[in-house]
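Residue-level structural notes
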Protein chains: 4
Amino acid sequence: MEFEGSGIGEECGVFGCVAAGEWPTQLEVAQVLTLGLVAIQHRGQESAGIVTSNGASPPTYATHKGMGLVSTAFAPEALLKLRYGNLGICHTRYSTTGISELQNCQPFVVDTLHGQIAVAHNGELVNAQALRRKVMRHGVGLSTSSDSELITQLLALTPPMEEQDAPNWVARIKNLMSETPTSYSLLVMFKDVIYAVRDPYGNRPLCIGRIVPVSKLHSSGAGEEDTEGWVVSSESCSFQSIGAKYYREVLPGEIVQISRHGVKSLSVVPRPEGNLPAFCIFEYVYFARPDSIFEGQMVYTVRQRCGRQLAIEAPTDADVVSTVPESATPAALGYAQQSGLPYIEVLCKNRYVGRTFIQPNTRLRQLGVAKKFGALTDNFAGKRVVLVDDSIVRGNTISPIIKLLKEAGAAEVHIRVASPPIRHPCYMGINIPTKEELIANRPEFQDIAGYIGATSVKYLTVEGLVSAVQGGIASHQQDGKMMGHCTACLTGKYPVELEW
Amino acid sequence: MEFEGSGIGEECGVFGCVAAGEWPTQLEVAQVLTLGLVAIQHRGQESAGIVTSNGASPPTYATHKGMGLVSTAFAPEALLKLRYGNLGICHTRYSTTGISELQNCQPFVVDTLHGQIAVAHNGELVNAQALRRKVMRHGVGLSTSSDSELITQLLALTPPMEEQDAPNWVARIKNLMSETPTSYSLLVMFKDVIYAVRDPYGNRPLCIGRIVPVSKLHSSGAGEEDTEGWVVSSESCSFQSIGAKYYREVLPGEIVQISRHGVKSLSVVPRPEGNLPAFCIFEYVYFARPDSIFEGQMVYTVRQRCGRQLAIEAPTDADVVSTVPESATPAALGYAQQSGLPYIEVLCKNRYVGRTFIQPNTRLRQLGVAKKFGALTDNFAGKRVVLVDDSIVRGNTISPIIKLLKEAGAAEVHIRVASPPIRHPCYMGINIPTKEELIANRPEFQDIAGYIGATSVKYLTVEGLVSAVQGGIASHQQDGKMMGHCTACLTGKYPVELEW
Amino acid sequence: MEFEGSGIGEECGVFGCVAAGEWPTQLEVAQVLTLGLVAIQHRGQESAGIVTSNGASPPTYATHKGMGLVSTAFAPEALLKLRYGNLGICHTRYSTTGISELQNCQPFVVDTLHGQIAVAHNGELVNAQALRRKVMRHGVGLSTSSDSELITQLLALTPPMEEQDAPNWVARIKNLMSETPTSYSLLVMFKDVIYAVRDPYGNRPLCIGRIVPVSKLHSSGAGEEDTEGWVVSSESCSFQSIGAKYYREVLPGEIVQISRHGVKSLSVVPRPEGNLPAFCIFEYVYFARPDSIFEGQMVYTVRQRCGRQLAIEAPTDADVVSTVPESATPAALGYAQQSGLPYIEVLCKNRYVGRTFIQPNTRLRQLGVAKKFGALTDNFAGKRVVLVDDSIVRGNTISPIIKLLKEAGAAEVHIRVASPPIRHPCYMGINIPTKEELIANRPEFQDIAGYIGATSVKYLTVEGLVSAVQGGIASHQQDGKMMGHCTACLTGKYPVELEW
Amino acid sequence: MEFEGSGIGEECGVFGCVAAGEWPTQLEVAQVLTLGLVAIQHRGQESAGIVTSNGASPPTYATHKGMGLVSTAFAPEALLKLRYGNLGICHTRYSTTGISELQNCQPFVVDTLHGQIAVAHNGELVNAQALRRKVMRHGVGLSTSSDSELITQLLALTPPMEEQDAPNWVARIKNLMSETPTSYSLLVMFKDVIYAVRDPYGNRPLCIGRIVPVSKLHSSGAGEEDTEGWVVSSESCSFQSIGAKYYREVLPGEIVQISRHGVKSLSVVPRPEGNLPAFCIFEYVYFARPDSIFEGQMVYTVRQRCGRQLAIEAPTDADVVSTVPESATPAALGYAQQSGLPYIEVLCKNRYVGRTFIQPNTRLRQLGVAKKFGALTDNFAGKRVVLVDDSIVRGNTISPIIKLLKEAGAAEVHIRVASPPIRHPCYMGINIPTKEELIANRPEFQDIAGYIGATSVKYLTVEGLVSAVQGGIASHQQDGKMMGHCTACLTGKYPVELEW
């Protein structure tokens, strides 16, 4: 599946860093934040923001936000103004609402009775509307439609207090968690501390890493005393970029305090009795970078297992197996390995096709994806091809690819999808087209192969997906308890009751 | 005095428009707002913002803000998105704090229990710090250092109410006015109405105009029935640009409601017993555009009277009178007329000197203002020149000009300043250098002529200024009551007690 | 007359600088060039270019060109790359053809058998088409429509020579001058020398200045030994900006060599027997900056004399005299002085009206210049106004101004134009509208007052203009010979026969 | 091998289109040109330019050029101005000289005695310096260092002729070809015709395609009568994007005329007796897009054969085979297939790593490529890895990758390079580092494995490469003659004698 235009996207990524040891630190925190953000850029390309704090009392914060990619938004002057930070948080955003303006960029920084806090958020509050009304009833005006501003005002709001009182952010965060069950992975920076919070269902990922000297990065002997800084990120792939070692995940419901003195778990807010965690299964299927680690397993490995499982569930009488580059490649290799069919490449991607300002006319529409993919004709002419994709959302991306392959001489094109059909909306932070637009809900789905022009189409089952995901966690199970995953978009079973 | 670099500046200008009659209107409201804003651009060049409303129930608002001049910030696409407005407010900003970022741009738009309001503000709240603490104690986070956000949250905050209640903006505005005495000229847009508010001291200007058919613009017979729209502006000079007739000023303390049905005075909040109004006298001296009308008199005329008064108070034995272009010209002509000396031009301004990226070296510093002004040598060589300026703030602009004239052959250069020395800070919205930087507070002031290299230097007295300003108002006095003007920066007498 | 939109414009300005004394020089040549260019920016705002040379053998040239104003086109990096220059030339361009592209920017730099030369040109070759054909017949392709590229190729072309021969630029320049009589003021930079050339008719201005220590700038005693560098410019106003003293004009037909050793006249190419020089009289009327000096007199003074002469030729029974700001002010003051009528201001200019992206609708068109000028009503209400303008080209700028004044209460508006009507095209570098568009050639001119809505309209006579211009030159006459000026646009008498 | 930073790059790509049938055409030529250019963008990312002609007599040309990618350089307005073209040529440039300015952008358009011609060029003239001198000796100034301007002036220059003569472009092109043997693939547009020219050695690629209705694109029955337009391109991969069928290659030494009436071979200029063609072998190894076809074979297939050959020449005792994504993947798959070892992925590429403005410090340098590649640890931990790359130029890209893999747990890392070591400069259009920078010429090459940290390093032999390339051409041989390929950068045997 192709990211752009497919209509399915992650909302955001968050990243934070606290320099360890004495301050002012030698660690270039602004640089760590920028690189960390670039490493999770796949989670959002609309805008980027960084806030650093010098950690003093009172602290001085520096903020820079900009539209577009990190590489566009952070010019040298921007980095200059962030440079005195001893800690900081940052955020990259994928717009779900179409309101793509600078004022919606995170992190949000607000001045409160205790001083400034900065908040970066990945996720979507299922009861956002009710919470907005509550906040406004209290007399607060909200200047954006962003959940993150809402969270920030909720933190400022509750409980009311006097100026002279000590700040009680942890109580306020717990209070926030009692108001809204999911979904959020949250970084709250206050003066010299970052609070890393994951909702009780653990719907969005969040993990912690440890910066060590590059020379000790890969030795097992880098002890706590070697720590140069702590980082926290939506995905562990960012740790490699900045020279950090994976430390651990933030647990569902956990509030972790990260300071220059280290990492401290302050609380784990429980779920209602009997409820399992609900980590978004699509992080495995599609969103995350393949080298990230969730629940102890590498995403690439899970995708490969999905491909293997798919080969078991939906074997094909064909000559070769291939991929829709690039995201489906692990699953395709898994399928090939399991089925014993040779793996080949059938499509060559033009990486320079970006936004061109060409008005699409009839001819262009007929040409379909041809400007994006070239067919490697000689590799498959006359052959029966199994083409593995990771998901099919609307069906309008895969269809012209099949046409391209057939016209270039493929004898048969069998589509094998390494995830089940998406049928339901997500209210927890994933941008999914309306129910009507999802191919799996449309009449054409009855003859999907005919509709998209494939010789045959088969999907992975929900059970197959869950077993591919959970099969690898056995030995990593937390506290010996059952893991659970959110499959709402596939099954309609939401982890919490939806109230509007 | 030259605006740039002189270190004294207005904070902002506000402008609003409501189309009269049936909606959707034929009047191009976005265009009226843009032109009105350009006409008061001298009040702020840092950023500009426009918010329009279609006035429906619930209303749809469109917002565009940008850094820089209106002509830079409002590209065609921006105007396109604003085009369906039946009413709107806008704002142009001059940064006083150095935090020059998009998020500080006005108007502020926030979502409240009753729906969205938009606020544009000119002025500075004297008790802003106390109000910020009050708001934050209530649990509201403030995301900017802007008074305008503070005002917006104060409006949202008080009094608390239920969702089903009718919006009571007037009560909320009155409440706001009871919390803070000055200074603010305020536009609050809610759905289909603009509330125009001026603080009880009338410190910042605000006046109302009426758009009529261009054909009737200058006939006295354009009746109320010809009204195509209502406009409200910091300065009346903007009315000429858009084809509107001057209607009236908003009174000190008045809340005026402007709707498609016309203009309605809702309330006039009184000052404490015995307090006079305190309209900023520097609006006359320097800030306002000369064709604007305040208190019934044209600003140009007041400046000319200042020049005449200066000629009476400080006559000079000289050959010619001239001006530091362009702002001091009315005063210089006044001085020439009163003194009987001929008026000539001595300086030619290069209007293309903007920001050049040249690093100033010693040579450049020695050359001073030479890149900005050319001396019209033949006009004054061998002559004794009276050079009239409107004010001297730091003394570092006038000094190189005197040097330029003397080196070009002026026999004598007598500086006559058409306002008294500035000695005190302003807490009501004008950006004035620190006390230490003001030339009038420095030891050099004892021999100011020697310091700046002039043959002689004389200032207008405070009494002279006040009489030049108030002498023209006699026949226009409102309600037969005494007028008062704020002269705090000259006298240190602030209209209200300052609390921090 | 207002520059923008009036349809009459200068083509270009040129400027050059050679550091005196030892190289590498201490003088910041790139800075001098930039400031010099800014000072003649009124001669062209479309694009700007600078070329510097280190003067070595072989030389290293650095070039930067950009669209728009100097302040836009020359960012810090651009200045950085020019910084090692010991000499350089630059150019600012006003597009006459509508082809506004970077490749037409000057100076042109080309590689020849002798090495690189750089050429900057102000003017227009009357026989350009014939010369283009000649060059192309020789087998040279021309990549722009620019006369300057044509000049550069002509210099390269003639006479053909061998690599080992010494460069003979002077012979080549003379050859060029024999091919084309006018109009050009030309700077040719080769290695360590600038050749400054003015066509035999002296149609375009060019003069030389001398950079001295700032401390000696205005003392009469700065001798040749104090010279820090030599500059050459279209207008002397640029000398003030950079701390240079006026040295002398380049004579009509003269080739001057400027090197680190000083200024040397190499040749003065004569005009055909009996022909007078033909310096463009519109440089005095409108184009030049008022503080520039041509033929020994300050432009401002000439304009003032035009105003005085106009008051003699066309006296008015009126109350006050005023100006269309800013270019007509010297003439208006001259008129007032001669007539004894008081000088006042009637219009206030909004200097922030630039390009706004507003689509003009009917209403806007009716409002005319209102967004650009505010009427200073109180100054002239009920009075009979003489409004002095420097020229009227199409009549569509002055007309709405008259309307504005009358509607604001002027009893009468008498237009007095300080130059004769323009009736003919210019083929020598000035952009003048087509004959049909010139108001003086249209039927409406018979009743011009009625057409533009004035009470009366009077123009200065050609004789009046010439006497105002030449009256001041008597004592400065070069070689005791008669001066001549090009009045072709007024009289149709062109200095040379036009061939196409 | 990674493109960026590796220091080896193609110079340029050219593309042209002529609409068939009646003019004005229905075919959107500007769109075809833009898409065609995007498809060969991998050949140059520095600048892009398009020139269209309406083909009339005299023709109207429209030109747009811009820095950066096609998607950046061609905004909607640019496409608008090109839209009336019935034919056009375009160019994308990779800077080899560091002079990255707009004026070096192609195509070059010059005005000649016969009217305007436009030229786009891929290649580098081996005798450029001698030709420049020749042209300048004729009196032509050259304004850029570009070979393409030189070609254009050579075409204009020879032979001299009269205005009334008919244009003789073919004779001029032949004359040009007699002056310079290689390397150039050239498009010359004149009025209504494009001449497509390939140098006698066929050093740079050039091929022709035919636009047919999309519906007939893949049917074998699309006859000549279905032709909607003709296209000519550096690479056939661009034909897919625009809906064109591959037609044929332009032969070495051939001049082809493309007009609305079709394709016509005008001449084939022979090589000196006994000389073979010398098509650049690195087009196969690295530059071309894998789906392009040269000499009848798909580039992907050749690369795969190189991988197979490498497995034969340099077998490895290892567990898995992998690739340095993305360019080495075909060779890696070939190696895996031949060797029987499983193919896996070991690196995950972060496609958002572009230019970040981070100043690299010691830490960053130590981290190496970590911000660009993530290690897919679980795939290879404890395994012996064969890592296939397509070429090693400086050795500084592969080295940190090996480090990354070893630190992530690879037991062994064997580097297998699918091309021979580069040892010599290219004078025919490929940007190769200086001899000293090439790893194969440095002392470290003696122990290259030790130097880059690999367990072992093996290169493909020159013979192996040539056989992999030529082995596939047998059945496609043109005219039954031997094919030849330029291997100068590997062997130092240049196809022509180099003269300076």
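Each value, and the rule that gives it
- Residues numbered from 1 in each chain as written.
- Chains lettered and ligands numbered in written order.
- Predicted model: local features only at pLDDT ≥ 70, side-chain atom pairs only at ≥ 80, totals over all residues.
- Heavy atoms only, no water.
- UniProt positions renumbered as here; feature names shortened; annotations may be inferred.
- Helix = DSSP H or I, 4+ residues; strand = E, 2+ residues; numbered from the N terminus.
- Rg over C-alpha atoms; globule rule 2.2 N^0.38 Å.
- Buried < 20%, exposed > 50% of the residue type's maximum accessible area, 1.4 Å probe, protein only.
- Contact = heavy atoms within 4.5 Å.
- Areas by Shrake-Rupley, 256 points an atom, 1.4 Å probe, with all protein chains shown as cover.
- Lys, Arg positive; Asp, Glu negative; His and termini not counted.
- Charge placed at Lys NZ, Arg CZ, Asp CG, Glu CD.
- Least-squares fit on C-alpha atoms with pLDDT ≥ 70 in both.
- Phe/Tyr/Trp six-rings, centres within 6.5 Å; stacked < 30°, edge-to-face > 60°.
- Lys NZ or Arg CZ within 6 Å of the ring centre and 35° of its normal.
- Salt bridge = Lys/Arg side-chain N within 4 Å of Asp/Glu carboxyl O.
- Buried area = accessible area lost by both parts, 1.4 Å probe.
- Polar contact = N/O pair within 3.5 Å; in protein donor to acceptor, adjacent residues only side chain to side chain.
- Nonpolar A, V, L, I, M, F, W, Y, C, P; charged D, E, K, R; others polar.
- Pairing = 2+ DSSP bridges.
- Axes fitted to C-alpha atoms, helices over the stretch in contact; angles between N-to-C directions.
- Arc of directions from axis to C-beta.
- Parallel < 35°, antiparallel > 145°, perpendicular 65-115°, else oblique.
- Left-handed = near helix turned anticlockwise from the far one by under 90°.
- pLDDT = per-residue confidence, 0-100.

Chain A carries the name Amidophosphoribosyltransferase in an unreviewed UniProt entry, which gives Zoarces viviparus as its organism. Chain A has a UniProt comment under Function (unreviewed entry) that states "Catalyzes the formation of phosphoribosylamine from phosphoribosylpyrophosphate (PRPP) and glutamine." Turning to chain A, the UniProt record has this under Catalytic activity (unreviewed entry): "5-phospho-beta-D-ribosylamine + L-glutamate + diphosphate = 5-phospho-alpha-D-ribose 1-diphosphate + L-glutamine + H2O".

1. Notes on the overall build of chain A
Helix and strand counts for chain A stand at 16 helices and 23 strands. Its C-alpha radius of gyration of 23 Å places chain A within 12% of the 23 Å reference for a compact globule of 500 residues. The principal-axis extent of the C-alpha atoms belonging to chain A is close to 80 × 55 × 50 Å. Residue burial in chain A is summarised as follows: out of 500 residues, 64% are buried. The contacts of chain A with a sequence gap of at least 6 include a subset with a gap of at least 24, amounting to 71%. Roughly 17,000 Å² of accessible area belongs to chain A as shown, and the carbon and sulfur atoms make up 51% of that amount. For chain A, the distance from the average site of its 44 positive side-chain charges to the average site of its 48 negative ones is 3 Å.

2. Let's talk about the relation of the copies chain A and chain D
Placing chain A over chain D gives an RMSD of 0.1 Å and needs a rotation angle of 180 degrees, together with 0.1 Å of translation along the axis. On the angle and the small slide along the axis, the relation comes out as a two-fold axis. Residue Y343 of chain A of chain A places its C-alpha closer to the rotation axis than any other residue of that unit, at 4.4 Å. Here 100% of the interface residues in chain A have copies in chain D that are interface residues too; the copies meet face to matching face.

3. Overview of the relation of the copies chain B and chain C
What relates the two chain copies is a rotation about an axis together with a slide along it. Each copy of the sequence occupies a distinct position, and chain B is placed on chain C by a rotation of 180 degrees and an axial shift of 0.1 Å, giving an RMSD of 0.1 Å. When the interface residues of chain B are mapped onto chain C, 100% of them again lie at the interface, so the same face is used by both copies.

4. Overview of the packing of aromatic side chains
Overall, the coordinates contain 42 aromatic pairs over all chains when judged by the stated rule. Between F282 of chain C and F287 of chain C, the ring centres sit 6.0 Å apart and the planes meet at 50 degrees, which makes this aromatic pair tilted. Considering the side-chain rings of F279 of chain D and F294 of chain D, the 5.0 Å spacing of their centres and the 70 degrees angle between planes classify their relative orientation as edge-to-face. Taken together, the residues span a long stretch of sequence, with F279 of chain D in strand β14 (residues 279-280) and F294 of chain D in strand β15 (residues 293-294) at a distance of 15 residues. Accessibility expressed as a relative area gives 1% for F294 of chain D, which makes it buried. In this structure an aromatic cluster arises from ring pairing among F279, Y284 and F294 of chain A. The lysine or arginine in question, R172 of chain C, covers the ring of W169 of chain C, its NZ or CZ lying 5.2 Å from the ring centre.

5. Here's the deal with the UniProt feature "active site" (unreviewed entry) in chain A
Here, UniProt's "active site" (unreviewed entry) annotation points to C12 of chain A. Along the chain, the position of C12 of chain A falls in strand β1 (residues 12-19).

6. Thoughts on the pattern of salt bridges
Going through the model one piece at a time under the given rule, you end up with 56 salt bridges over all chains. The salt bridge involving R132 of chain D is made with D111 of chain C; its shortest N-O contact spans 3.2 Å. Here R132 of chain D, found in helix α4 (residues 128-137), pairs with D111 of chain C, found in strand β5 (residues 108-112), and the two come from separate chains. In terms of burial, R132 of chain D and D111 of chain C fall into one category: buried.

7. Section: the interface of chain A and chain D
Each side of the interface is counted separately: chain A has 69 residues, and chain D has 70 residues. Interface area, chain A with chain D, both sides summed: about 5,700 Å², of which 59% is carbon and sulfur. On inspection of chain A and its partner chain D, the count reaches 0 salt bridges. There are 8 residue pairs in polar contact (both at pLDDT 80 or more) connecting chain A and chain D. Taken together, the residues of the side of chain A that touches chain D sort by class into 34 nonpolar, 22 polar and 13 charged.

8. A few points about the pairing of strand β9 (residues 207-211) of chain C
Residue and element names in this part refer to chain C. With 5 of its 5 residues buried, β9 lies for the most part within the structure. Inspection of the sheet shows β9 paired to strand β10 (residues 229-233) by 5 bridges, in the antiparallel sense. Each residue of the ladder has a partner; that of R210, found in β10, is W230.

9. A word on the sheet that holds strand β1 (residues 12-19) of chain D
All names here are of chain D. Within the open sheet, the 7 strands sit side by side as β3-β2-β4-β1-β10-β9-β11. Their pairing is antiparallel. Whereas interior strands pair on both sides, the edge strands pair on one side only; in this sheet they are β3 (61-67) and β11 (244-249). Direction aside, neighbouring strands of the sheet carry axes that sit 15 degrees apart on average.

10. A closer look at the sheet that holds strand β12 (residues 254-259) of chain C
All names here are of chain C. What the 6 strands build is an open sheet, ordered β5-β6-β7-β8-β12-β13; its pairing is antiparallel. Of all the strands in the sheet, just β5 and β13 (262-268) have a single pairing partner and so form its edges. Averaged over all neighbouring strand pairs, the angle between strand axes comes to 20 degrees, with direction disregarded. As paired strands, β5 and strand β6 (residues 115-123) are joined by 5 bridges and run antiparallel to one another.

11. Some words on unusual backbone geometry
Residue and element names in this part refer to chain B. Geometrically, the link from W23 to P24 is a cis peptide bond, its omega value of 0 degrees lying close to zero. Backbone torsion omega between P325 and E326 reads 0 degrees, so that peptide bond is classified as cis. Relative to the helices and strands, E326 resides in the loop between β17 (320-323) and α10 (329-339). Despite not being glycine, K191 has its phi angle at roughly 55 degrees, a positive value. Take K191: it is sitting in the loop between β7 (184-190) and β8 (193-198).

12. Points about the interface of chain B and chain C
The interface of chain B with chain C comprises 69 residues on the first partner and 70 residues on the second. Roughly 5,700 Å² is buried in total at the junction of chain B and chain C, and carbon and sulfur atoms are behind 59% of that figure. At the boundary of chain B and chain C, one finds 0 salt bridges. Where chain B touches chain C, the interface holds 8 residue pairs in polar contact (both at pLDDT 80 or more). The dominant element in the side of chain B that touches chain C, judged by the number of residues it contributes, is helix α1 (residues 29-39) of chain B, at 5 residues. Looking at the side of chain B that touches chain C residue by residue, the class counts come to 34 nonpolar, 22 polar and 13 charged.

13. Thoughts on the environment of G44 of chain B
Residue and element names in this part refer to chain B. Looking at the element boundaries, G44 is found in the loop between α1 and β2 (47-53). Given the relative accessible area of 0%, G44 is considered buried. Those residues in contact with G44 that sit more than four places away from it in its chain are T92, R93 and Y94.

14. Quick notes on helix α6 (residues 169-179) of chain D
Looking at α6 of chain D, one finds that the buried residues are W169, R172, I173, L176, M177 and E179 of chain D. Buried positions in α6 of chain D, seen along its axis, are confined to an arc of 160 degrees and lie on one side of it.

15. Overview of the packing of helix α5 (residues 147-157) of chain D against α6 of chain D
All names here are of chain D. Direction vectors running N to C along α5 and α6 enclose 125 degrees, while the axes themselves pass 9 Å from each other. Here α6 runs oblique to α5, going by the angle between their axes. Relative to α6, the crossing made by α5 is right-handed. Side by side, α5 and α6 meet where I151, L154, L155, A156 and L157 of the first sit next to W169, R172, I173 and L176 of the second.

16. Some thoughts on the UniProt feature "binding site: Mg(2+)" (unreviewed entry) in chain A
Residue and element names in this part refer to chain A. In the numbering adopted here, UniProt assigns the feature "binding site: Mg(2+)" (unreviewed entry) to S327, D389 and D390. Spatial clustering of the annotated residues is evident: they stretch over 64 residues in sequence, but the largest pairwise C-alpha distance comes to 8.0 Å. Along the polypeptide, D389 turns up in strand β20 (residues 384-389). Residue classification places D389 among the buried residues on the basis of a relative accessible area of 4%.

17. Remarks on the side chain of S322 of chain A
Residues and elements named next belong to chain A. Along the polypeptide, S322 turns up in strand β17 (residues 320-323). Polar side-chain contacts of S322 include one of 2.7 Å to the backbone oxygen of I344. Setting aside chain neighbours within four positions, we find S322 in contact with A332, Y343, I344, E345, V346, V386, L387 and V388.

18. Some points on the confidence of the model for chain A
Residue and element names in this part refer to chain A. Per-residue pLDDT for chain A has a mean of 89; in total, 91% of the residues score no lower than 70. Here residues 1-6 is modelled with pLDDT under 50, and outside its nearest four sequence neighbours on either side it reaches 29 contacts, counting other chains as well. For this predicted complex, the interface confidence score (ipTM) comes to 0.91, while the overall pTM stands at 0.89.

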